[in-house]
Amino acid sequence: MTCPQCGHANTTANLFCGSCGFRLGQAAAAATAPKPAPQSSSGPGSIVLTALRADGSEAGTYALPSATMTVGRETGAIFAGDSYLSPRHATFKQTSSRVTVKDEGSLNGVYKKLVRDMPVELRPNDMFRIGQEIIKFEPLAPQTPSPDGVERLGSPAKGYVGRIALVIGRDVTGNAFPIPETGVHLGRERGDVLFPEDGYVSGLHCRLTWDNGKLMLTDLGSSNGSFFRLHEETEIKSGDVLLMGQQLFRVAI
């Protein structure tokens, strides 16, 4: 069954879309229901955030009252109960041509769910999330000589482009894993880097590949998705899923 909201192909057994969380049981009714009158792209209330539970069901909605709106724990509504949201967490902005979201320097960030098999570039110190794991990409940087010209000793790094490290606190990383030029796979049961204790990570979840000097992250059809932390104002579209705090929000425009 093709999701009418994001176009993702699901099995007929799916109650909810594996990509955006849309309730597929509504697909037939939506196809026959009369279409509402078009809403002005720049008018207030045309951006709606729907909170999603872990099973994909809806936990509440919030229509942004203005074309530019900052949301966070102080906004109330579906945001109030999440202590991982900053008081002013993210700003949504709507113009005549597009809708964007910008992290307002929040402590825990704004993450966007990847589309299956669509790679995104990881820049130095970028972070992504799979299951409950927050992971940071740290490139290999050559060590410079000391002020008196002595070269620093270190193990050879030939064939490696960097490492991924688990973020275990604010500006603190834990276990780290090297990334060879051949790439790595991450998962709970299969791959090069395993998270066997994390039930939210799929058996084979995502992969990292080195392509023409760039590190690319690709979701491999995981059940709960892979999320990339946004580091600049980013365009979003209807059906996109954002992770803010401990909540998932589906965007409708």
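The structure presented is a predicted model; accordingly, all values stated were derived computationally and were not measured.

Turning our eyes to something else, we now look at the pattern of salt bridges. Pairs can form between side chains of opposite charge once their charged atoms are near each other. This model, assessed by the stated rule, comprises 7 salt bridges. Residues lysine 112 and aspartate 240 are paired through a salt bridge, measuring 3.6 Å at the closest nitrogen-oxygen approach. Of this pair, lysine 112 sits in strand E6 (residues 110-113) while aspartate 240 sits in the loop between strand E17 (234-236) and strand E18 (241-244); the two residues are 128 residues apart in sequence, bridging distant segments of the chain.

This next bit is on the sheet that holds strand E4 (residues 90-94). Strand order in the open sheet formed by 4 strands is E3-E4-E5-E17, and the pairing between neighbours is antiparallel. Every other strand in the sheet has two partners, leaving strand E3 (68-71) and E17 as the edge strands with one partner each. Strand after strand, the sheet turns through a mean of 25° between neighbouring axes, direction not considered. With 4 bridges connecting them, E3 and E4 associate as antiparallel partners. Note that in E4 the partner of valine 71 across the bridge is alanine 90.

Time to look at the pairing of E6. Note that E6 and E18 share 3 bridges and pair antiparallel. Across the sheet, the residue bridging to tyrosine 111 is leucine 243, located in E18. As judged from the 3 bridges shared by E6 and strand E16 (residues 226-229), these two strands associate in the antiparallel manner. When the sheet's bridge partners are listed, tyrosine 111 is paired in E16 with arginine 229.

The next point concerns the pairing of strand E5 (residues 99-103). Of all 5 residues in E5, 4 are buried, a share of seventy percent or more. In the sheet, E4 pairs with E5 via 5 bridges, with the strands oriented antiparallel. Residue pairing for E5: threonine 91 is matched across the bridge by lysine 102. The antiparallel pairing of E4 with E5 creates a hairpin that spans 4 residues between the two strands.

This part takes up the nonpolar core. One finds Phe92, Leu186 and Leu208 to be the most contacted residues of the largest nonpolar core, which totals 41 residues. Broken down by element, the residue count for this core peaks at 3 residues, all from strand E10 (residues 160-169). Taken domain by domain, the makeup of this core includes at least three residues from each of domain 1 (48-109 + 232-252) and domain 2 (111-141 + 157-229). Once residues within four sequence positions are removed from consideration, phenylalanine 92 is found in contact with Ile47, Leu49, Leu64, Ala67, Thr68, Met69, Val71, Thr100, Val101, Ile236, Leu242 and Met244. Formed by 5 residues, the second largest nonpolar core is a distinct cluster that contains Met127, Phe227, Val241 and Leu243.

Aromatic ring pairs: the centre-centre distance and the angle between the two ring planes describe each pair. For the structure shown, the criterion picks out 2 aromatic pairs. Between tyrosine 62 and phenylalanine 79, the ring centres sit 5.3 Å apart and the planes meet at 80°, which makes this aromatic pair edge-to-face. Remark: phenylalanine 79 occurs in the loop between E3 and E4 and tyrosine 62 occurs in strand E2 (residues 58-63); sequence separation between them is 17 residues. According to the relative accessible area criterion, phenylalanine 79 is buried, its value standing at 1%. Aromatic pair phenylalanine 79 and phenylalanine 249: ring centres 5.4 Å apart, planes at 35°, arrangement tilted. On the criterion of sequence distance, the pair formed by phenylalanine 79 in the loop between E3 and E4 and phenylalanine 249 in strand E19 (residues 247-252) is long-range, its members being 170 residues apart. For the pair phenylalanine 79 and phenylalanine 249, a shared accessibility class is recorded, and that class is buried.

As a further point, take the confidence of the model for the chain. With 86% of its residues at a pLDDT of at least 70, the chain reaches an overall mean of 87. A low-confidence stretch, residues 26-45 stays under pLDDT 50, and its non-local contacts, those more than four residues away or across chains, total 21 contacts.

This part is about the environment of threonine 218. By the secondary structure assignment, threonine 218 is in strand E15 (residues 214-219). The spacing of threonine 218 and cysteine 206 is 12 residues in sequence and 5.6 Å in space, taken between C-alpha atoms. If sequence neighbours within four positions are ignored, threonine 218 has contacts with Leu114, Asp117, Met118, Pro119, Cys206 and Arg207.

Cut-off values and rules
Residues numbered from 1 in each chain as written. Predicted model: local features only at pLDDT ≥ 70, side-chain atom pairs only at ≥ 80, totals over all residues. Heavy atoms only, no water. Salt bridge = Lys/Arg side-chain N within 4 Å of Asp/Glu carboxyl O. Helix = DSSP H or I, 4+ residues; strand = E, 2+ residues; numbered from the N terminus. Pairing = 2+ DSSP bridges. Axes fitted to C-alpha atoms, helices over the stretch in contact; angles between N-to-C directions. Buried < 20%, exposed > 50% of the residue type's maximum accessible area, 1.4 Å probe, protein only. Core = buried A, V, L, I, M, F, W, Y, C linked by side-chain atoms within 4.5 Å. Domains from an automatic or database assignment. Contact = heavy atoms within 4.5 Å. Phe/Tyr/Trp six-rings, centres within 6.5 Å; stacked < 30°, edge-to-face > 60°. pLDDT = per-residue confidence, 0-100.

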